[in-house]
Amino acid sequence: MVAIIGTGIIPFGHHLERSIVAMASEATLAALKDANISRETIGACYFANALGGMLFGDTTIGQNLTAGLGIKNIPVVNVENACTSGSSAYYLARLAILAGECEVALVVGSEKMCVPDFGLLNSGTTELDTLLGMVVPASFALRAQRHMHDYGTTEEQMAAVTVKSRAHAALNPNAQFRKKESLEDVLNGPMIADPFTRSQCCPIADGAAALILASDEFAAKYYRAITIEASVLTSGIYDNQADLTHWETDYHAADLAYEKAGISAKDIDLVECHDAFTFSEILHYEALGLCEEGQGGKFVADGHASLGGRTPVNVSGGLLSEGTPSPPPE
Amino acid sequence: MTEQHDIPLVYDNILTPGPEVHLQGGYCPSCDLYHFPQQDRCTECLGTVNTTDLGNKAVIHSVTTIRTRAPLGLPSPYSVAYLDLKHVPLRVFSLMDPAEAGQYSIGQEVELQVAPLGLNNNKEICLRPYFRTCANSAE
Ligand SMILES: [Zn+2]
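Residues numbered from 1 in each chain as written. Chains lettered and ligands numbered in written order. Predicted model: local features only at pLDDT ≥ 70, side-chain atom pairs only at ≥ 80, totals over all residues. Heavy atoms only, no water.

Hey, could you run me through the packing of aromatic side chains in this one?
The geometry of two aromatic rings is summed up by the distance between their centres and the angle between their planes. Residues and elements named next belong to chain A. Tallying each qualifying case throughout the model produces seven aromatic pairs over all chains. Pairing Phe196 with Phe277 gives two aromatic rings, centres 5.4 Å apart and planes at 10°, and the pair type is stacked. Of the two residues, Phe196 sits in strand E6 (residues 196–197) while Phe277 sits in the loop between helix H10 (248–261) and helix H11 (278–287), which places them 81 residues apart along the sequence. Since its relative accessible area comes to 0%, Phe196 is described here as buried. (Phe/Tyr/Trp six-rings, centres within 6.5 Å; stacked < 30°, edge-to-face > 60°. Helix = DSSP H or I, 4+ residues; strand = E, 2+ residues; numbered from the N terminus. Buried < 20%, exposed > 50% of the residue type's maximum accessible area, 1.4 Å probe, protein only.)

Pasting the structure below:
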């Protein structure tokens, strides 16, 4: 098994004057301090960044980070895997430790998105869908519209995800949006992609976070080490016919993680998931089995995903209140 | 004035040749499966696929309207949809007629158009396929 023995994060927001490496360095040093280890202990570094290559032409930021921190003679891997870059780096670092290649690994994600004319993310500029106007908010809005049609999910239920997110973020000093919003505030915001108003789409942010992973043996002396029971990474294809309300790849990933960990949905006490849009979180409730398929809107509106509820989700405020490498409206 | 046939299509091999424009895709006879756009091989059996006419009419399966700054020189707002094609069992993603943005609903019948609309990746004006309300169902 592998465990998390240290974490570091810098507040998400607009860090116009700071480089990707500068932000990553601060998060890394915080994680080393939290784990109480020296830089010489690190046996491998997995560095995640999705947009540095495209926006700045930077493709070896991981090595720039380790070189700047005087860390040498270790494997450094740059991980670019779109919105999954950070969790992919984590997945790979865990595998390296399980394979016995190292005892301690550094996982860092750092992203700089607050640049002029950033626009909206897409899934590849030469893809037909992109050329026909598909942007990330639209892909989830299309799922949301069909879910509303098939299951009666309402705009109020989706807005409830943002209301919950802000309430949670108020408790997180690293979040970008910490002011409470009412259902009316959320629903009265400018429309981005029907039915998503502005605060139902995560804001862009600059920021960085780091984790120190260690083998069981190394982690044994840490009373607050967190053991990783399972970590899975999977993929799908263009389904024929595309089912917009049953996100097959999401169900598959959740089922595989439960199987590997030997648990089921009812054993889950807390969830952090990718809430780029309010509705994406609702789809995750369903795929994770926190509620029946089609009932995700009701689940959040009834308070089951809030702190104190049945299964609190994104108690950090998630991407909706922290910010993300994902799409945001100007 | 530039003739329409001088304007590049946004993506190769997605429309049938001929006076009445239809979507063109792939068909695998072994699996009885259609694909759009046509793939090099069938994703199910990896066999070769035939080029096939996918028709020009569809029913809206889901639709949304993007109201923030539009990419690729598209007008703002613009609508996009998943459509169930009427001639073959296939659901495709499509741009909708910007003149009707925000006026579409699930279940509505629509038909294919092709016209200069927005820019391609070379920042040139290009032809794009899009669907709009059927002429005979508009009244
Ligand atoms: Zn086939």
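Just checking my understanding: could you explain the coordination of the zinc ion for this structure?
When a metal carries six donors in an octahedron, the ideal angles between them are 90 or 180 degrees, while four donors in a tetrahedron ideally lie at 109.5 degrees. All names here are of chain B. For the zinc ion, the protein coordination sphere consists of Cys28 (SG), Cys31 (SG), Cys42 (SG) and Cys45 (SG), at 2.2 to 2.3 Å. Each of the four donor atoms bound to the zinc ion contributes to angles spanning 102 to 117°, and the resulting shape is tetrahedral. For the zinc ion, the single-chain donor residues occur in sequence as C-x2-C-x10-C-x2-C. Here Cys28, found in strand E1 (residues 23–28), pairs with Cys42, found in the loop between strand E2 (33–35) and strand E3 (50–55); they are 14 residues apart in sequence, far enough to count as distant. When sorted by exposure, Cys28 lands in the same class as Cys42, which is buried. (Donors = N, O, S within 2.8 Å, 3.2 Å for Na, K, Ca; no water. Tetrahedral: all angles 85-135°; square planar, octahedral: opposite > 155°, others 65-115°.)

What exactly am I supposed to notice about the side chain of Thr162(A) here?
All names here are of chain A. Note on placement: Thr162 falls in helix H7 (residues 155–169). In this structure the side chain of Thr162 is engaged in a polar contact, spanning 3.0 Å, whose partner is the backbone oxygen of Ser199. Non-local contacts of Thr162, meaning those with residues more than four positions away in its chain, are made with Val186, Ser199, Gln200, Thr278 and Leu320. (Polar contact = N/O pair within 3.5 Å; in protein donor to acceptor, adjacent residues only side chain to side chain. Contact = heavy atoms within 4.5 Å.)

Geometric values such as these leave the question of function open.
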